[in-house]
Amino acid sequence: MVPFACQADCFDRLRRQSDSLPVHWQHDYYHITMAFIDKTHDADTINSIICRNFTNVPPIKITFNKFDAFTTHSGIHIIHLAASCIPNELRLLNEKIRKEICNTGSAIYSDFYLHVTLGRIVNQGIVLDDIRRLVNNVKFPPCTVSLNEVIYRYYRGPIISKIILEDQH
């Protein structure tokens, strides 16, 4: 979970700026997706990889500093919160975990792009550049949050495991 309630006024401005678009806004459960894994994977093996790699990892600080938009492979436009700089420890962990998952024979269906989804636009007639023009008009003051927990779950389904990241002091 990513606690962004402190930036509620920015989100309100973003929603108002995007009123002309058919946006399906994300409610609650803000999260960062590290990988979409194919359905043929061995959940126990992948769970082992995730747990092993996140053992003794302290919370990771991430600074989000802008709103932006991109289009998924399936054509859905995503309005999101972005970080200009990926913390090195998160980038390295992600690369290592994704490589280990691929080595099990499972396929990963997307590249890693550090973002928090705020809304989705399914309408195919809308151009990404038009969305970006609207979204980029709303300034977001930098907000640093801690990644405190990692959840491995089936896509929009039950949780397989949950790891709480704790300082090692």
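About the cut-offs
Residues numbered from 1 in each chain as written. Predicted model: local features only at pLDDT ≥ 70, side-chain atom pairs only at ≥ 80, totals over all residues. Heavy atoms only, no water. Helix = DSSP H or I, 4+ residues; strand = E, 2+ residues; numbered from the N terminus. Buried < 20%, exposed > 50% of the residue type's maximum accessible area, 1.4 Å probe, protein only. Contact = heavy atoms within 4.5 Å. Salt bridge = Lys/Arg side-chain N within 4 Å of Asp/Glu carboxyl O. Core = buried A, V, L, I, M, F, W, Y, C linked by side-chain atoms within 4.5 Å. Pairing = 2+ DSSP bridges. Axes fitted to C-alpha atoms, helices over the stretch in contact; angles between N-to-C directions. Expected span 1.5 Å × (residues − 1). Arc of directions from axis to C-beta. Polar contact = N/O pair within 3.5 Å; in protein donor to acceptor, adjacent residues only side chain to side chain.

J.: Could you give an account of the environment of Asp 68, with specific residues and numbers?
T.: Relative to the helices and strands, Asp 68 resides in strand β3 (residues 66–71). For Asp 68, a relative accessible area of 12% puts it in the buried group. As a C-alpha pair, Asp 68 and Leu 81 span 13 residues in sequence and 6.3 Å in three-dimensional space. Here Asp 68 is in contact with Ile 78, Ile 79, His 80, Ala 82, Tyr 113, Arg 132, Val 135 and Asn 136, once residues within four sequence places are set aside.

J.: Summarise the pattern of salt bridges; cite the residues concerned and give the values.
T.: Where charged atoms of side chains with opposite charge meet at close range, the side chains can pair. In total, this model carries eight salt bridges according to the counting rule given. Among the ionic pairs, Glu 95 bridges to Arg 91, the shortest N-O distance being 3.0 Å. Of the two residues, Glu 95 and Arg 91 both sit in helix α3 (residues 88–103), four residues apart, roughly one turn of that helix. For Glu 95, a relative accessible area of 43% translates into the label partly exposed. Through salt bridges that share partners, Arg 52, Lys 96 and Glu 100 make up one connected network.

J.: Before we move on, can you summarise the nonpolar core with the specific residues and values?
T.: Soluble globular proteins tend to bury their nonpolar side chains together. Membership of the largest hydrophobic core comes to 46 residues, with the highest contact counts inside it found for Phe 54, Ile 62, Phe 64 and Phe 67. Per-element accounting of this core gives the leading share, five residues, to helix α2 (residues 43–54).

J.: Report on the sheet that holds strand β4 (residues 77–82), specifying residues and quantitative values.
T.: Ordered in space as β1-β5-β4-β3, the four strands form an open sheet in which the pairing is antiparallel. The outermost strands of the open sheet, each flanked by one partner alone, are β1 (23–25) and β3. Strand-to-strand twist in this sheet, taken as the mean axis angle between neighbours without regard to direction, amounts to 35°. Bridge analysis of β4 against strand β5 (residues 115–121) gives six bridges, and the strand direction is antiparallel.

J.: Pulling in residues and values, what's your account of unusual backbone geometry?
T.: Even without a glycine there, the phi angle at Asn 56 is positive, about 65°. Here Asn 56 shows up in the loop between α2 and β2 (60–64). Using a relative accessible area of 57% as the deciding quantity, one classes Asn 56 as exposed.

J.: So, the pairing of strand β7 (residues 149–153): which residues are in play, and what are the values?
T.: Side chains Val 150 and Tyr 152 of β7 all project onto a buried face; the interleaved residues Glu 149, Ile 151 and Arg 153 project onto a face where none is buried. As judged from the five bridges shared by β7 and strand β8 (residues 159–164), these two strands associate in the antiparallel manner. Within β8, the position partnered with Arg 153 by the bridge is Ile 159. Here β7 folds back onto β8 in antiparallel fashion, the turn holding five residues, of which Arg 156 has a positive phi close to 55°.

J.: Quick one: what's the story with the side chain of Asn 94, residue by residue and with numbers?
T.: Of note, Asn 94 is situated in helix α3. When neighbours within four sequence positions are excluded, Asn 94 is seen to be in contact with Met 34 and Phe 112.

J.: Help me get a handle on α3, residues and values and all.
T.: The end-to-end C-alpha distance of α3, which contains 16 residues, comes to 23 Å, matching closely the 22 Å that a straight helix rising 1.5 Å per residue would cover. Listed as buried for α3 are Leu 90, Leu 93, Asn 94, Ile 97, Arg 98, Glu 100 and Ile 101. The buried residues of α3 occupy one face: seen down the axis, they fall within an arc of 165°. Exposed side of α3, more than 90 degrees from the buried face: Lys 99 and Asn 103 are the residues found there. Next to the buried residues of α3 lie α2, β2 and β6 (143–147).

J.: Could you give an account of the side chain of His 115, with specific residues and numbers?
T.: Relative to the elements of secondary structure, His 115 occurs in strand β5. A relative accessible area of 13% means that His 115 is categorised as buried. For His 115, the side chain forms a polar contact with the main-chain oxygen of Tyr 113, separated by 2.6 Å. Looking at His 115, its side chain comes within polar contact range of the side chain of Thr 117, at 3.3 Å. With near-sequence residues (within four places) excluded, His 115 lies in contact with His 31, Ile 32, Phe 64, Phe 70, Ile 78, His 80 and Leu 81.

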